[in-house]
Amino acid sequence: MSRRNGLTLRRMVRIAILAAIAFVLMLFPSFPLPFMPPFMSWDASEIPALIAGFSMGPVSGVLVVLVKNLLKLTQTSTFGVGELSNFIIGASYVFSASIVYHYIRTRKGALLGLTLGTIVIAIVGALSNYYLILPFYIRVMGFDIDTIVGMTSEVNRYVTDFRSYIILAVVPFNVFKGASVGLITFFIYKYIKPLLKL
C-alpha cells in the first residue's frame, strides 16, 4: 500500500478532525430549498469530506462521511435511516469526485471530479431513494408514500406520485447540493490545504 493511501497516525488525526467539523456542520440549522419539502434541507457537511478526499485520497474522504454519520447516530431522529441515506449519497459523491482529482491533480481535474460527483450523486440518490431508503423509511417510521408525495406536492405541484417525487424533487435537490458543495470546496480548497500539512 502506498504512503498516500496508508492510514498513518497523522492521516487518521486529520480524518478525525475533518469528520468532527462535518458533524458540527450537520448540527447547524440547515435550510430548505424552494419547491422542496421541508425535510429535504441543504447543509455543508460534505465540504470537509471533499477536502479530505482531495488532500488525502478518496478513501479518506469516504471515512470522513462514515465517521460524521456514526457521530450523528447518537442524535438520530430517523432510527438511522437518514444517516444511512446520507452515507450512501455522500460517500458516492465524495469518492467519485476525489478519485478523479487523485489522478488529475489540477484545477481542471478538480472541476471534472466535482462534475462527475454531481452526476453520480443524482443517479445514486435517485436509485437509493427509490429502491432502498424511502421504502425502508416508510417501514421504520410508519409513513406512507402518499404522505411524502403530498408534503412535496404542496410546494411543487408537479409532484403527483412516487416516480415524479424522485425525478422532480430528489434528483434536483441532489444536483443542487452536489454543485453548490463542490463550488464552495473548489474555491476554498487552496486556502485550507496548507493547514492540513501542519
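It should be emphasised that the depicted structure is a prediction, and the values quoted were computed from it without experimental measurement. (Residues numbered from 1 in each chain as written. Predicted model: local features only at pLDDT ≥ 70, side-chain atom pairs only at ≥ 80, totals over all residues. Heavy atoms only, no water.)

**Brief notes about the UniProt feature "transmembrane region" (unreviewed entry) in the protein**
At step 1: Taking the numbering used here, the UniProt-annotated feature "transmembrane region" (unreviewed entry) corresponds to residues 12–35, 47–67, 87–104, 110–133 and 165–189.
At step 2: Helix and strand shares over residues 87–104 are 94% and 0% respectively, and the end C-alpha atoms of the span are 25 Å apart.
At step 3: Helix makes up 100% of residues 110–133 and strand 0%, and the two end C-alpha atoms of the span are 30 Å apart. (UniProt positions renumbered as here; feature names shortened; annotations may be inferred. Helix = DSSP H or I, 4+ residues; strand = E, 2+ residues; numbered from the N terminus.)

**Quick word on the layout of surface pockets**
At step 1: Of the voids in this model, the largest pocket is the one considered here, and its volume is about 920 Å³.
At step 2: Forming the boundary of the largest pocket are 33 residues, of which F39, M40, S41, G82 and S85 lie nearest the centre.
At step 3: Of all elements in the fold, only helix 3 (58–72), helix 4 (81–103), helix 5 (107–141), helix 6 (145–153) and helix 7 (162–192) reach the threshold of two or more residues within the lining of the largest pocket.
At step 4: Residue composition of the lining of the largest pocket, grouped by class: 16 nonpolar, twelve polar and five charged.
At step 5: Approximately 220 Å³ is the volume found for the second largest pocket.
At step 6: Lining the second largest pocket are 15 residues, with I17, L18, I21, I192 and L196 sitting closest to its centre. (1 Å grid on protein atoms, 1.4 Å probe; cavity = no way out; pocket = protein on both sides within 12 Å on 5 of 7 lines; lining within 4 Å. Points joined across faces, edges and corners; volume = space filled by probe spheres on them. Nonpolar A, V, L, I, M, F, W, Y, C, P; charged D, E, K, R; others polar.)

**A look at the environment of F31**
At step 1: Topologically, F31 is positioned in strand 1 (residues 31–32).
At step 2: Exposure remark for F31: the relative accessible area of 43% places this residue in the partly exposed category.
At step 3: Sequence-wise, F31 and D146 are 115 residues apart; in three dimensions their C-alpha atoms are separated by 24 Å.
At step 4: Excluding its chain neighbours within four sequence positions, the residues that come into contact with F31 are S41 and W42. (Buried < 20%, exposed > 50% of the residue type's maximum accessible area, 1.4 Å probe, protein only. Contact = heavy atoms within 4.5 Å.)

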